[in-house]
Amino acid sequence: MIKKLLFGILLIAAIAAAVIFFLPIIQEQLAYNKVKSEESIESCKSYEEEWPEGKHLKEVNAIWDRIWDKEIKKYEDNDKSQASAEGIKMMRELLQYMKQQRINTLLLTTGQMLDIKDFDEYDVDIQLLMERTNETSLPYKEGIVTVKSNFDDKYLEAISNLLVTELQQHLNQVFSPKFIQVVATEKPKENTPTIGINYTIANKEITINNKTYPQIWSYPPTEDDEEEKKPDGFLMGLNTSMSFGFIVPKSLNAYIHEENGEITDYLKQVKNLNEGYKEMTSLFFQEQIGKIAKEVGL
């Protein structure tokens, strides 16, 4: 009886030892099988992180390269008729760097400068003079939407999210969905490609006889051949400038794109008077990101 018991214990111990020995081998094989069946960045990354010295590491690297080559080919086959030579050069360098470094994330940093003021912050004599020359039946002071009420911290954060969304959409139109992911950050990482977008929003002003006047637009806008009607309200003119640049780590090159515009160019597309500044600014950024995407061949 004792011999049988000892034999059973030894058998269980032998099986446990075999499981302990073979389990990592089995797990690694399962991870590699997943890489082969999925051929995805996620499965390759997971394998390399879990098995940095795995016996299939060379084969996984080959699959990883094949995935990147397929995605890069999508870019090369994409229409670049509206792209610039500089933009294409930087995009190609970016893709090769990301392939070599096994990175599929682009970091986005944003910086903003607001140089805005409301109508009632201008000199009183300027306000009175503009009211006297107001050709509508609605006084400016009663109908003008304040600028600062639109550009609060919540909306500035929304602009950053908008930029991420717009860039992601253009990348997704060329590459597999979220193959390259755009992530907003305040602190760029040393070896990760970074996109920087800085913008300024300021009052559109006119200087006459050393006096500075704000530009004011009636809403809804009327066409030249339409009869002047009492407006629902007024929106102040605003200028916007944007600088877009992306840098590939350790590269001597950098891509910079600068754009200036007047957000009231989008006045006719405003749907909500009280949020008109937000709507026009968002439309400006959407259009500019679209221009940049074409510049780099996306």
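None of these values were measured; they are calculated from a predicted model. Along every chain, residues carry numbers that run from 1 in the direction the sequence is written. Totals for whole chains, interfaces and linings use all residues, but because this is a predicted model, local features are given only for residues with pLDDT of at least 70 and pairs of side-chain atoms are given and counted only at 80 or more. For side-chain calculations, the full set of non-hydrogen atoms in the structure is used, while hydrogens and water are omitted.

1. Overview of the sheet that holds strand E3 (residues 194-203)
Between any two strands, pairing holds if DSSP finds at least two bridges. In this description a helix means any DSSP run of H or I spanning at least four residues, a strand means any run of E spanning at least two, and both kinds are numbered starting from the N terminus. Taken in spatial order, the five strands of this open sheet run E2-E1-E3-E8-E9, and their pairing is mixed. The strands lining the two open edges of the sheet, one partner per strand, are strand E2 (181-184) and strand E9 (254-262). The average undirected angle you get between the axes of adjacent strands in this sheet is 20 degrees. Inspection of the sheet shows E3 paired to strand E8 (residues 238-247) by ten bridges, in the antiparallel sense. Bridged to alanine 202 within E8 is asparagine 239. The contact definition used throughout considers only heavy atoms, calling two residues in contact when any of these lie within 4.5 Å. The angle between two axes is taken between their N-to-C directions and runs from 0 to 180 degrees, where each axis is a line fitted to C-alpha atoms and a helix contributes only its stretch in contact. Contacts between helix H4 (residues 85-101) and the sheet are confined to strand E1 (105-115), E8 and E9, with E9 contributing the most and set at about 130 degrees to the helix.

2. Some points on the pattern of salt bridges
A side-chain nitrogen of Lys or Arg and a carboxyl oxygen of Asp or Glu constitute a salt bridge if their distance falls within 4 Å. Counting across every chain of the model gives nine salt bridges. Ionic pairing is found between glutamate 262 and lysine 204, a salt bridge with its closest N-O pair at 4.0 Å. Residue glutamate 262 is located in strand E9, and its partner lysine 204 is located in the loop between E3 and strand E4 (205-208); the two are separated by 58 residues in the primary sequence.

3. As for empty space enclosed by the protein
Definitions used for this entry: grid spacing 1 Å over protein atoms alone; cavity, a set of points where a 1.4 Å probe fits but cannot get out; pocket, an open set with protein on both sides within 12 Å along at least 5 of 7 lines; lining residue, one with an atom within 4 Å of a point. Grid points are joined across faces, edges and corners, and a volume is the space filled by probe spheres set on the points. Scanning the model with the defined rule gives one cavity of 30 Å³ or more in all. By volume, the largest cavity amounts to about 120 Å³. Of all the elements in the fold, those that place two or more residues in the lining of the largest cavity are H4, helix H7 (153-174), E8 and helix H8 (276-295). The class makeup of the residues in the lining of the largest cavity is 13 nonpolar, one polar and no charged. Here the nonpolar group is Ala, Val, Leu, Ile, Met, Phe, Trp, Tyr, Cys and Pro; Asp, Glu, Lys and Arg are the charged ones; every other residue, Gly included, is treated as polar.

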